[in-house]
Number of protein chains: 4
Amino acid sequence: MKQAAILGVTGYTGAEAVRLLHRHPNIEISAITGHSRAGQPISDLYPNFAELNLPGVIKIDDVDWRDIDVVFACLPHGASQETIGKVIDQVETVVDLSADFRLKDPILYEKTYGRSHDFADLLENAVYGLTEFARPELPGAKLIACPGCYPTCTLLSLAPAFDAEMVEVESVIIDAKSGVTGAGRKASDSLIYSQITDGAHAYGVGVHRHAPEIDQFLTYISGHETLVSFTPHLIPMNRGMITTSYLKLKDGYDIDALRQVYKDRYEDEPFVSVLPAGEVPHSRHVKGSNMCRIGLFEDRKSGHIIIVSVIDNLTKGSSGQAVQNYNVSQGWSETLGLTDIALFP
Amino acid sequence: MKQAAILGVTGYTGAEAVRLLHRHPNIEISAITGHSRAGQPISDLYPNFAELNLPGVIKIDDVDWRDIDVVFACLPHGASQETIGKVIDQVETVVDLSADFRLKDPILYEKTYGRSHDFADLLENAVYGLTEFARPELPGAKLIACPGCYPTCTLLSLAPAFDAEMVEVESVIIDAKSGVTGAGRKASDSLIYSQITDGAHAYGVGVHRHAPEIDQFLTYISGHETLVSFTPHLIPMNRGMITTSYLKLKDGYDIDALRQVYKDRYEDEPFVSVLPAGEVPHSRHVKGSNMCRIGLFEDRKSGHIIIVSVIDNLTKGSSGQAVQNYNVSQGWSETLGLTDIALFP
Amino acid sequence: MKQAAILGVTGYTGAEAVRLLHRHPNIEISAITGHSRAGQPISDLYPNFAELNLPGVIKIDDVDWRDIDVVFACLPHGASQETIGKVIDQVETVVDLSADFRLKDPILYEKTYGRSHDFADLLENAVYGLTEFARPELPGAKLIACPGCYPTCTLLSLAPAFDAEMVEVESVIIDAKSGVTGAGRKASDSLIYSQITDGAHAYGVGVHRHAPEIDQFLTYISGHETLVSFTPHLIPMNRGMITTSYLKLKDGYDIDALRQVYKDRYEDEPFVSVLPAGEVPHSRHVKGSNMCRIGLFEDRKSGHIIIVSVIDNLTKGSSGQAVQNYNVSQGWSETLGLTDIALFP
Amino acid sequence: MKQAAILGVTGYTGAEAVRLLHRHPNIEISAITGHSRAGQPISDLYPNFAELNLPGVIKIDDVDWRDIDVVFACLPHGASQETIGKVIDQVETVVDLSADFRLKDPILYEKTYGRSHDFADLLENAVYGLTEFARPELPGAKLIACPGCYPTCTLLSLAPAFDAEMVEVESVIIDAKSGVTGAGRKASDSLIYSQITDGAHAYGVGVHRHAPEIDQFLTYISGHETLVSFTPHLIPMNRGMITTSYLKLKDGYDIDALRQVYKDRYEDEPFVSVLPAGEVPHSRHVKGSNMCRIGLFEDRKSGHIIIVSVIDNLTKGSSGQAVQNYNVSQGWSETLGLTDIALFP
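Residues numbered from 1 in each chain as written. Chains lettered and ligands numbered in written order. Predicted model: local features only at pLDDT ≥ 70, side-chain atom pairs only at ≥ 80, totals over all residues. Heavy atoms only, no water.

Colleague: Before we move on, can you summarise the pattern of salt bridges with the specific residues and values?
Modeller: Applying the stated rule across the entire model yields 91 salt bridges over all chains. A salt bridge links K177 of chain B to D175 of chain A, with the nearest nitrogen and oxygen atoms 3.1 Å apart. Residue K177 of chain B is located in strand β8 (residues 173-178), and its partner D175 of chain A is located in strand β8 (residues 173-178); the two belong to separate chains. Here K177 of chain B and D175 of chain A have matching classes, each one buried. What emerges from the salt-bridge pattern is a single network uniting E16, R19, R23, R239, D312 and D340 of chain A together with E16, R19, R23, R239, D312 and D340 of chain D. (Salt bridge = Lys/Arg side-chain N within 4 Å of Asp/Glu carboxyl O. Helix = DSSP H or I, 4+ residues; strand = E, 2+ residues; numbered from the N terminus. Buried < 20%, exposed > 50% of the residue type's maximum accessible area, 1.4 Å probe, protein only.)

Colleague: If you had to explain the side chain of T244 of chain A to someone new, which residues and values would you point to?
Modeller: Within the element layout of this structure, T244 of chain A appears in strand β11 (residues 241-248). Within polar-contact distance, the side chain of T244 of chain A engages the side chain of K177 of chain A at 2.9 Å. Among the polar contacts made by the side chain of T244 of chain A, one reaches the side chain of H233 of chain B at a distance of 2.7 Å. Not counting chain neighbours up to four residues away, the residues in contact with T244 of chain A comprise I173, I174, D175, K177, I306, I307 and V308 of chain A together with D175, T231 and H233 of chain B. (Polar contact = N/O pair within 3.5 Å; in protein donor to acceptor, adjacent residues only side chain to side chain. Contact = heavy atoms within 4.5 Å.)

Colleague: An account of the packing of helix α1 (residues 12-21) of chain D against helix α9 (residues 315-329) of chain D is needed here, citing residue identities and associated values.
Modeller: All names here are of chain D. Look at α1 against α9: their axes get within 9 Å of each other, and the N-to-C directions meet at 45°. When the axes of α1 and α9 are compared, the pair comes out oblique. The handedness of the crossing between α1 and α9 is right-handed. Side by side, α1 and α9 meet where T13, E16, A17, R19, L20 and L21 of the first sit next to T315, S318, S319, G320 and V323 of the second. (Axes fitted to C-alpha atoms, helices over the stretch in contact; angles between N-to-C directions. Parallel < 35°, antiparallel > 145°, perpendicular 65-115°, else oblique. Left-handed = near helix turned anticlockwise from the far one by under 90°.)

Colleague: Describe in detail the interface of chain B and chain C, supporting the description with residues and values.
Modeller: In many reports, interface size means the accessible area that the parts give up when they come together. Between chain B and chain C, the residue contacts involve 30 residues of the former and 30 residues of the latter. Each partner contributes to the roughly 2600 Å² buried at the junction of chain B and chain C, and carbon and sulfur atoms together form 60% of this total. When the buried area of chain B at its contact with chain C is split by residue, I341, L343 and P345 of chain B rank highest and sum to 27% of it. At the surface where chain B touches chain C, the tally comes to four salt bridges. Between R23 of chain B and D340 of chain C there is a salt bridge, with the nearest N and O atoms lying 2.7 Å from each other. Across the chain B-chain C interface, the total number found is 14 residue pairs in polar contact (both at pLDDT 80 or more). The class makeup of the residues in the side of chain B that touches chain C is 13 nonpolar, eight polar and nine charged. (Buried area = accessible area lost by both parts, 1.4 Å probe. Nonpolar A, V, L, I, M, F, W, Y, C, P; charged D, E, K, R; others polar.)

The values reported here are purely geometric and, on their own, carry no functional implication.
Listed below in structure tokens is the structure:
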């Protein structure tokens, strides 16, 4: 039984980690931290956990790292690297859900996140944990950097086409829509129910921090420098994400060839479904599950393709993928702790 | 005082026409039709109208056309042309909110809507009522074909760039998101609350009927054959629409030049706002109003532009624009009956 | 033309006052205050106001009271009395939307609101502005205390029965449900979308501050000391309120007698509708309007009655009633500025 | 391994039964029926089930009852008794989720449901499956009638007080609020998103069919004829239910005594939580789980008590309790298949 610490439970990814790990057969939750709530039972924050037998919330400084095998770091970027820098040598594995170890280039990190990277030496060996494409590097990994929710949803839906070099790489446009939990649990008047319900808006247009992360992976997998167009929107749902990607196939390829590549690539994947032709994925059909569902469509414009992909931003887009990565890193069955199907309706 | 008949009040565009026209200073609602609800007071359908002094719902065949100056036809396509074909000679003006007279080419109509056009002779003189671009043709028009909600939101946000020939016309990709009233008031189990709330999905990918309508207008205004990529999504809000368009500028143009064109074009428009640089439009800020709000953004990719546009699909996207068109056709102030600002929060 | 100052526009009742007053034919908005937003245009807070010609947001201390005829005070309780105490002699009329002048007894105020009342001398002449029952006192009133949203919805639905002495006064139980705008525009993590959507809860059970206000009025109108049971709930809608009241009729009365009393009492009221037998009121049918809709029902238990009442908490429950009160106080038509019907769907 | 047939999967309680049973360790789903969808895979109805290995949807007449140990009947009332009457002798156990076997008196059934009861002889031995109060009768039961969602939420929150004879039985008023899945999966224009979102209303005021069911149980457990006042409301959330009950204690009892009775009664229950004084239950904290959470409050009025109770209407209010009942009937651990905690946020 591995002993886990979940850091940063005041945020929703921390809470989702608790929800998933509390019944993981090989993991025990030994410590839960949350700076502003230290000293409280976790059920003060999340009454749905009241019936579980969980440790109380403490401060990070009060964790006894000798008891911990694996850290799930659900902290804001910046805070995450500072903590991980301190504890990485004291534990077996760190699974980081923040942005701190996703970008390989510390200069790009600094440009994107507006602060220097203080643990750049850890970047090289950090595994970028888009699980389906990280299996060779995950076993025994010391530090796993889980992708952002937007990159996860986008990359699962684009990577096979890029890997197969079927795409004009400069053509890619990604229009993303996220549920509100993606914005976190912040006491901000722009996030209160009355400001958010029954309306939608774009944000971070042309400047969102997840774009360089998408570039990095597509460049890596295709071998061609890629710069995507990426625009996220906030829509009035709680969990869920949908990315609609527009791209141009290289001459000689068509939707059937593309679909075959996806079907082959994901055939044995427990958490990725390529839908039959004509079926559109709905975010509501993955809510609370670790599934990614992908639909491939031909546009009216010859050679143009539309790919729609949905995940639950908190599960596959965050804590679910973190658990999946840890399962692979330990050589366990990949689905341990992740067998919930979506709660629908 | 013009006497109006509103046809098809069981649908939401009919209801919105009632909401807007009942206090229009120059119009009196003389007849309201609704096939399945004939014989009932309209407040059985829309209790919010209970305090108004409105005629009861009747069948179309029971309208006395001699009393009617203007018809607002809020019928499904097909049914609309059949009725309009019969009554157009008996009334002064027909404002059609259906798709029946939007496409100039009856063959394209047949291909798009899956039925022949039986009144193709009316197409030539039907005015395509995207008001801001139809002013020369509207005065005295006999038949006004109001644009679809998606085309309205899209075209207002693209037309100035196309008109100025600043755009690589083959580059245009439109990702649209609509509130659920856009799907109408149909007793379908795919529209019930439990199937729709807290989730999102694309639909009509690559095949939506509003795409040819967008093509037609952009081709007309730019003088270049245009075929857009258009993908609509249904999101869990009631009223509201947002279109996010991706396009490439021709060499020599940039975001500043583009913004200036939009500002100049819409400076005196009462119902179109070009937002200051950096401000994103929210659909919630136009709910119940006839406004269109447009934000222009530079992408990370050099020469690429993102344009975000919001309307209320039932107001500017439908009945509001219908009233606006009629106001112009009569030479009245364009804002008569349309002075509601958005209901927010 | 009366010159109005709207104080406290950062809150939703202030915003609603702007929405209603900006097109009131006899009122001009001369000053708008908002402490934390002074120096900004109001459209920074409420982009839906961007197209209106409104003064910028200033601090209360920067209002030139010599220009002001009427103050609409949309401030928190406490802050409201402090400001009103200072300015009441400098303006013609103060319409207070806070709780500060609703309770006639300063000791009850202190007990209920946890602070002393510093302007108790103003209480005697403050008119409790439940408009339909305040008409004799409103003309020429100096200080009008608008009822809370819960009391408005409740009292309109109970007052005729109490006035007619048909009710066992000790039997009254009120179960209320409010939309989230009723909680105001506070940056609280308990109000963010993700904590509120798709769930409901009671709050303030047995201790809500609006209960003494309801008691006071029912005691006054019935002549019998009344202590109600009142339990509010927060439900996931934006605007709207529904109160369901349970009461026992005195011997000799029945539902028909009760309905007749209500019909007679409200027959000529522009903003109160008593629904036909069997019709239930929906909060969605009053959204954005100043209407109160009331349904009366017989329970299965002999002699027991259920009364359901709906309003928009921001309109009739707050700023709409404030405008209505001011209209009456000036001897104007009561519906000036209040002719919007509900925005539905 | 018991072989189960789930009848009526086109409705939401059928779908929820699939969700819960597909990973029950002692049960295999052998047959799924759905009249209008026979011949389709279940994932056509519920794409979230696409990755499960489930039998296709068939008609009831096509079930081979020899393969079936237990039937979960998720059919409408009427249809349910007709099917159960036919198959009850061919299978070991029938768990009925409809209203057909809840009321012991066939005359009351006929009066309440508007049709005769054709299998009244089965009523006597049908176990009314409010699990926490049915344990003595459940082991080996042939026919289990699961309570309605409203009765479940209400009775769990009232039964201990009635059992302890602490309540003035004639005083009880129950104000209930349900999410929209409670209305089922019906293609009705009154249930479409646009008619339901962002508003609330009462329905079935004074006449709802669940009231006699509540009466029957409270009468049984208290030994005193009880007739409750019960008013349900539909509010814009998907899953979830909240009942707020108002009652008067008999002389000599107070809130502390009451709370002690509840704590003692539910101490060892896995699915009922009595909250600490002052904590209100939220429906969102039981979404997707089988929990019932109960808060007890003293009213301002001496001797009056308010009890608030929440469940997920589809889980504890329907299919979850059905599984729980079957677990008890088989002598298994009561929590088998029911270990999901709520999906929050």
